[in-house]
Amino acid sequence: MATLNLRRFSKPEMLRKIDRSHLITFFEPYTEYLSGRGIELPSAAAENGLDYTVMSNVLLNPNTSTPPEMSEALYYINEMSTPEGFDLIQEAIADTEIDVSISEDAAYGDLALQVWVQDRNIIERLHAEQFLFRPRSFEYFKCTRETIPDFEEPSEETITALEADLDEWFAKKRRGRASKVFSYVKDDFVWFLVRHGEPFTRESIIKDGESKSLFYRPEKYDVIVYNPENGEIRMNARSKGEKELYRTKFGLHLFGDSEFFDGKSKFTLEPLRESGSASILCDDIEGIDWVRLKELQIYWGGTHKEIEIRKAEDIFASLEERDRSIPNGGRLSKASFQIKFADSKTPRAVTLSSGNRAQFKRDDDAEVLEKWLIRRGFVISGSEDNGE
């Protein structure tokens, strides 16, 4: 789990913003622990008796006897006790029994706490979903089959089996057994969010005027997106090992084949050299107003592994002014484009690498981008794939 940071529960006045009876109900399972820390919980019906100052101090200073499930609950409740979280929760519980059970005067923390008590999965899922659109760099892996099977939303048993396999790998890599997979079936893509632990870290902190150590396991989110139309998967993960893990295990558990996604290259930048400025035309792509090539890397290799980098506001316009073109030699290894999308006044950067990596500012750009890449020849077809 991420570092416990109870900033919304850290002061007595913040605790008072949560309905007292709901707060007591939440803490009742931890009565023995709280009693050992000097807090005697009153009944939920009592008018007083809850010492907010002492409670705040206990929450700010967890010890080895602090129930992990209480800390985890407070972490998620805290994270979702925001205006944005409030709206997300309300949308998620609309027209449900939980919605009916919560009064109309529930505040931010009130709503998050009450929903957690009734169904913690709602809060965990909404918290996880906030990470979906944060990634910026994705690597693509193609399906090896000629016929793409129909996608079936994975059952709870399938997800549990997938989590178990992921845990085996993460545990061997000293990242703990705490992985959780969330699935989100969208209109055109299926999103999977993998929450897992990172190696333990130790930080030096100041506590009560003294230098001490804080030892904890950070939390990490990886994103995997499946395209049912072409059987392709793209993922945002940090290490080569994690990407290989997801490539094989998602193939195995979703389609019964660990090599369903073969990992071969997807992109080529050769159209930039072969077609020049025509390679970035976009008149036939709804959603894109214009495209400019801003940066190009050419790998020359050799003994010193030379890389040439060219930059300009518009590389093709600059080359045309000097009656030049992209050199015939060297491998085009990376290109950065400035793309004006129809839904934005400000153009956004997109970077493409030969192989299978694409980087862009917003993941909801993916669909229109891939149409443009396919039509301009940047996507390698199966017959052309050289495994680069």
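So, here is what we can say about the structure in this document. Residue positions are counted from 1 within each chain, in the order its sequence is given. A pLDDT threshold of at least 70 governs which residues receive local features in this predicted model, and a stricter bar of 80 or more applies before side-chain atom pairs are shown or counted, although totals over entire chains, interfaces and linings include all residues. Heavy atoms from the whole structure form the basis of all side-chain values; hydrogens and water molecules are not counted.

## Some details on the pairing of strand E1 (residues 137-141)
So, point 1. A simple rule labels every residue: compare its accessible area, found with a 1.4 Å probe on the protein chains alone, to the largest value its type can have, and call it buried under 20%, exposed over 50%, or partly exposed in between. Helix and strand definitions here come from DSSP, where helices need a minimum of 4 consecutive H or I residues and strands a minimum of 2 consecutive E residues; each element is numbered from the N-terminal end. The element E1 is largely enclosed, with a buried count of four among its five residues.
So, point 2. Should DSSP find at least two bridges between two strands, the strands are regarded as paired. Of the strand pairs in this sheet, E1 and strand E12 (residues 357-360) are connected by three bridges, and their pairing is antiparallel. The residue of E12 that forms the bridge with serine 137 is glutamine 359.
So, point 3. As paired strands, E1 and strand E7 (residues 232-236) are joined by three bridges and run antiparallel to one another.

## A few points about the pattern of salt bridges
So, point 1. Just to be clear on terms, a salt bridge is a Lys or Arg side-chain nitrogen sitting within 4 Å of an Asp or Glu carboxyl oxygen. Following the criterion strictly, the structure yields 23 salt bridges and no others.
So, point 2. Notably, a salt bridge pairs glutamate 370 with arginine 234, separated by 3.7 Å at the nearest N-O pair. One end of the pair, glutamate 370, is in helix H14 (residues 366-375); the other, arginine 234, is in strand E7, with 136 residues separating them in the sequence. Here glutamate 370 matches arginine 234 in class, with each residue buried.
So, point 3. Among the charged side chains, a network of salt bridges with common partners joins Arg175, Glu198, Arg238 and Glu242.

## Brief notes about the packing of aromatic side chains
So, point 1. In this analysis, rings of Phe, Tyr and Trp, with Trp reduced to its six-membered ring, are considered paired at centre separations within 6.5 Å, and the interplanar angle assigns stacked below 30 degrees, edge-to-face beyond 60, and tilted for intermediate values. Going through the model one piece at a time under the given rule, you end up with 19 aromatic pairs.
So, point 2. Aromatic side chains phenylalanine 86 and tyrosine 108 sit 5.3 Å apart centroid to centroid with 70° between the ring planes, which places their arrangement in the edge-to-face category. Taken together, the residues span a long stretch of sequence, with phenylalanine 86 in helix H6 (residues 83-93) and tyrosine 108 in helix H8 (residues 108-118) at a distance of 22 residues.
So, point 3. Taking relative accessible area as the criterion, phenylalanine 86 reaches 14% and is therefore assigned buried.
So, point 4. Ring centres of phenylalanine 260 and phenylalanine 261 lie 4.9 Å apart, and the angle between their planes is 85°; this geometry places the pair in the edge-to-face category.
So, point 5. Ring pairing ties together the aromatic residues Phe151, Tyr226, Phe255, Phe260 and Phe261, which thus form one cluster.
So, point 6. For a lysine, the NZ atom is tested; for an arginine, the CZ atom; a charge sits over a ring if that atom is within 6 Å of the ring centre and within 35 degrees of the ring normal. Above the plane of the ring of phenylalanine 138 lies arginine 234, whose end atom (NZ or CZ) is 5.4 Å from the centre.

## Things to note about the nonpolar core
So, point 1. Counting residues in each nonpolar core, the largest one holds 79 residues, and the members touching the most others are Phe26, Phe27, Leu272, Phe337 and Trp372.
So, point 2. Ranked by residue count, the leading element in this core is helix H5 (residues 68-80), at seven residues.
So, point 3. Grouped together as the second largest cluster of nonpolar side chains are 23 residues, Leu162, Trp169, Ile224 and Tyr246 included. Here, nonpolar core means buried Ala, Val, Leu, Ile, Met, Phe, Trp, Tyr and Cys residues that are tied together by side-chain atoms lying within 4.5 Å of each other.

## Some points on the sheet that holds strand E9 (residues 306-311)
So, point 1. Taken in spatial order, the 10 strands line up as E2-E3-E6-E7-E1-E12-E11-E10-E8-E9 in an open sheet, and their pairing is antiparallel. Unpaired on one side and paired on the other, strand E2 (180-185) and E9 mark the two borders of the sheet. Each strand axis lies, on average, 20° off the axis of its neighbour in the sheet, ignoring direction.
So, point 2. The strands that helix H10 (residues 156-172) touches are E2 and strand E3 (190-197); relative to E2, the one it contacts most, it runs at about 135°.
So, point 3. Whether two residues touch is decided by their heavy atoms; if any such pair falls within 4.5 Å, the residues are in contact. Orientation is described by axes fitted as lines to C-alpha atoms, over the contacting stretch for helices, and by angles from 0 to 180 degrees between their N-to-C directions. With respect to the sheet, helix H11 (residues 240-255) is in contact with E1, E2, E3, strand E6 (219-227), E7 and E12, its orientation differing from that of E3 by roughly 125°.

## A look at H10
So, point 1. The span you would expect from a helix comes to 1.5 Å times its residue count less one. In this model H10 runs 25 Å from its N-terminal to its C-terminal C-alpha over 17 residues, within 8% of the 24 Å that 1.5 Å per residue would give.
So, point 2. Those residues of H10 that are buried are in contact with E2, E3 and H11.
So, point 3. Directly beyond the C-terminal end of H10, a positive phi value near 60° is found at arginine 174.

## Some details on the packing of H5 against H8
So, point 1. It is the contact of H5 with H8, at a shortest axis distance of 8 Å, that shows an interaxial angle of 140°. Taken together, the axes of H5 and H8 are oblique relative to one another. H5 and H8 meet at a crossing whose hand is right-handed. Along the contact surface, H5 presents Glu72, Ala73, Tyr76, Ile77 and Met80, while H8 presents Gly109, Ala112, Leu113 and Trp116.
So, point 2. Each residue gets one of three labels, nonpolar for Ala, Val, Leu, Ile, Met, Phe, Trp, Tyr, Cys and Pro, charged for Asp, Glu, Lys and Arg, and polar for the others, Gly among them. Considered class by class, the residues forming the contact of H5 with H8 number seven nonpolar, one polar and one charged. Each angle receives one of four descriptions, namely roughly parallel if under 35 degrees, roughly antiparallel if over 145, roughly perpendicular if within 65 to 115, and oblique otherwise. Helix crossings get a hand from a simple test, with the near helix turned counterclockwise from the far one by less than a right angle marking a left-handed crossing and a clockwise turn marking a right-handed one.

## Quick word on the side chain of glutamine 114
So, point 1. Considering the arrangement of structural elements, one finds glutamine 114 in helix H8.
So, point 2. Judged by relative accessible area, glutamine 114 falls into the buried class, the value being 9%.
So, point 3. Excluding anything up to four places from it in sequence, glutamine 114 contacts His22, Ser101, Ile102 and Ala106.

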